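Summary of structural features
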Amino acid sequence: MTTSTAPATPADLAARYERGDFLLATARHALLASGAVATATDTEPSRLSGALPGLFTDSGASIAVGVLPFDTSDTTSTPGHLVLPRAVHRASSDHAAVPPRTSLPRPVKVTPVPEPEAHLAAVRAAVSALSDRDLRKVVLARALDLDFDEAVPVAEVVRNLANGNPRHTTYAAQLPDGRTLVGATPELLLSRTGGAVVSRPHAGSMPRSADPAIDKANGEALLASEKDHVEHAVVVESVVEILRPFCRTLDVRGPELVSTPAIWHLSTTVTGELIDQDVTALDLAAALHPTPAICGTPTDAARSLVKELEPFDRAYYAGAVGWVDAAGDGEWAVGIRCAEIADTAMRLYAGGGIVPASDPRTELDETSAKFRTLLAAMGLEI
Ligand SMILES: C=C(O[C@H]1C=CC=C(C(=O)O)[C@@H]1O)C(=O)O
């Protein structure tokens, strides 16, 4: 395996991305991996983690990159997929050089899955199910299928995502079936650097607006919204509960108001000091996933409800994307604000947390705003 750290900025690495590579990039640091000396594909994350020491030794690679699906339960048919790359480039920088924006093909067909009316009905059904089944929260998503009459230029979509979301994590990963997952997420599932563990759950949302007065009012309304604080607290409680046995100390700061170019969010930063250095970033990410930010609480009941109410298989949407190295360090982002690209077709996903006080129309609008991350990277406003 070859490794390089210079001379490149994170934006250079995003610009160098080619279809088939793995990319995880913010304005401050980026990892671009290409080729494969070994791969591991398994529906059980702990088996993937258990296989890694042997794979590192046999292949000579010192890092694995990849994806976990949304559903990592016993009954899942979608595997986690790790690649031990042939070459890894890393970059860090305090400033973002902005790559040029390229215009992309326009879709010949746009299909909401399900139709907006059906999503409204699903949200209503979810609100009833919360009380009937004693759930505190469930996250319901919808998809948008875009069809093109030419291949989607994946690398240009990735460049535009990085260009448009420099404070967030742009990612691209090859899926085991050959499709490419691309996205720009604000949410850090887990990073481990030596003994330092960080998770930055996001939950609670309000759309951004081009009108500065409306935009500011939306942010303030989110900060004051009891419904959104409930939705957020459920996630933080779960993250803290799961990390506690692994950490000597845990510090919880938040929630604070943060934003992406498309959405206001509530975000909390959880930091911890790891007790056992043998617990890797992948182990911790797998323990946390799926958080109630993308599934619900309690997890199993929420996941069942998601499967009942959504008319598609989430596959890698709302999964995790990241890397782990031979020392156990790594970074895993929550796989949201994303699309799966297969040649001339692209499926965008957007979801939102449903709690008893959720209003179906507001939830539908929230998912529309969340689609904007990908639509903007495609040069589209639909
Ligand atoms: C599930 C998604 O967002 C999650 C992350 C942040 C805020 C969320 C919310 O307010 O509902 C969601 O929990 C998505 O973007 O598809």
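Residues numbered from 1 in each chain as written. Predicted model: local features only at pLDDT ≥ 70, side-chain atom pairs only at ≥ 80, totals over all residues.

1. Notes on the site of the ligand
What surrounds the ligand is a group of 18 residues, the closest being Ser-205, Ile-336, Gly-351, Gly-352 and Gly-353. The residue inventory of the shell around the ligand, partitioned by class, reads eight nonpolar, seven polar and three charged. (Near = placed C-beta within 6 Å. Nonpolar A, V, L, I, M, F, W, Y, C, P; charged D, E, K, R; others polar.)

2. Focus: helix H4 (residues 154-164)
Counting buried positions along H4 yields eleven of eleven residues, so the element is predominantly enclosed. Residues of H4 that are buried: Val-154, Ala-155, Glu-156, Val-157, Val-158, Arg-159, Asn-160, Leu-161, Ala-162, Asn-163 and Gly-164. Summarising the contacts, the buried residues of H4 are in contact with helix H1 (10-16), strand E2 (22-25), strand E10 (169-174), strand E11 (180-185), strand E20 (338-342) and helix H9 (360-377). (Buried ≥ 20, exposed ≤ 12 C-beta atoms within 10 Å, placed from the backbone. Helix = DSSP H or I, 4+ residues; strand = E, 2+ residues; numbered from the N terminus. Contact = placed C-beta atoms within 7 Å.)

3. With respect to the nonpolar core
Grouped together as the largest cluster of nonpolar side chains are 115 residues, with contacts concentrated most on Leu-23 and Val-158. Among the elements that line this core, the one with the most residues is strand E9 (residues 137-147), at seven residues. Each residue touching Val-158, except ones within four places of it in the same chain, is listed here: Ala-14, Tyr-17, Leu-23, Thr-170, Ala-172 and Val-182. (Core = buried A, V, L, I, M, F, W, Y, C linked by C-beta atoms within 7 Å.)

4. Concerning the UniProt feature "domain: Chorismate-utilising enzyme C-terminal" (unreviewed entry) in the protein
UniProt's feature table lists "domain: Chorismate-utilising enzyme C-terminal" (unreviewed entry) at residues 117-370, given in the numbering used throughout. Along residues 117-370 one finds 35% helix and 37% strand; the C-alpha atoms at either end are 18 Å apart. (UniProt positions renumbered as here; feature names shortened; annotations may be inferred.)

5. Structural notes on the packing of helix H2 (residues 45-59) against helix H7 (residues 281-288)
Following both chains from N to C, one finds H2 and H7 inclined at 175°, their axes separated by 10 Å at the closest point. Taken together, the axes of H2 and H7 are roughly antiparallel relative to one another. Residue-level inspection shows Pro-45, Ser-46 and Ser-49 of H2 in contact with H7, the latter providing Leu-282, Asp-283 and Ala-286. Here the residues of the contact of H2 with H7 sort into three nonpolar, two polar and one charged. (Axes fitted to C-alpha atoms, helices over the stretch in contact; angles between N-to-C directions. Parallel < 35°, antiparallel > 145°, perpendicular 65-115°, else oblique.)

6. What to know about the packing of helix H3 (residues 116-132) against H9
The description of two packed helices rests on the angle between their axes and on the distance between the axes. For the pair H3 and H9, interaxial distance at closest approach is 9 Å and the crossing angle is 125°. Between H3 and H9, the angle falls in the class oblique. Crossing of H3 against H9: the hand is right-handed. Contact residues: Pro-116, His-119, Leu-120, Val-123 and Arg-124 in H3; Pro-360, Arg-361, Glu-363 and Leu-364 in H9. Partitioning the contact of H3 with H9 into residue classes produces five nonpolar, one polar and three charged. (Left-handed = near helix turned anticlockwise from the far one by under 90°.)

7. Some words on unusual backbone geometry
With an omega of 0°, the peptide bond running from Gly-254 to Pro-255 counts as cis. Mapping Pro-255 onto the fold places it in strand E15 (residues 247-259). In this model, Arg-337 sits at a positive phi of 55°, which is unusual for a non-glycine residue. Position of Arg-337 relative to the elements: it lies in the loop between strand E19 (330-334) and E20. For Arg-337, a count of 30 C-beta atoms within 10 Å corresponds to the buried category. The residue Asp-343 is not glycine, and still its phi comes out positive at about 55°. Mapped onto the elements of the fold, Asp-343 is located in the loop between E20 and strand E21 (345-354).

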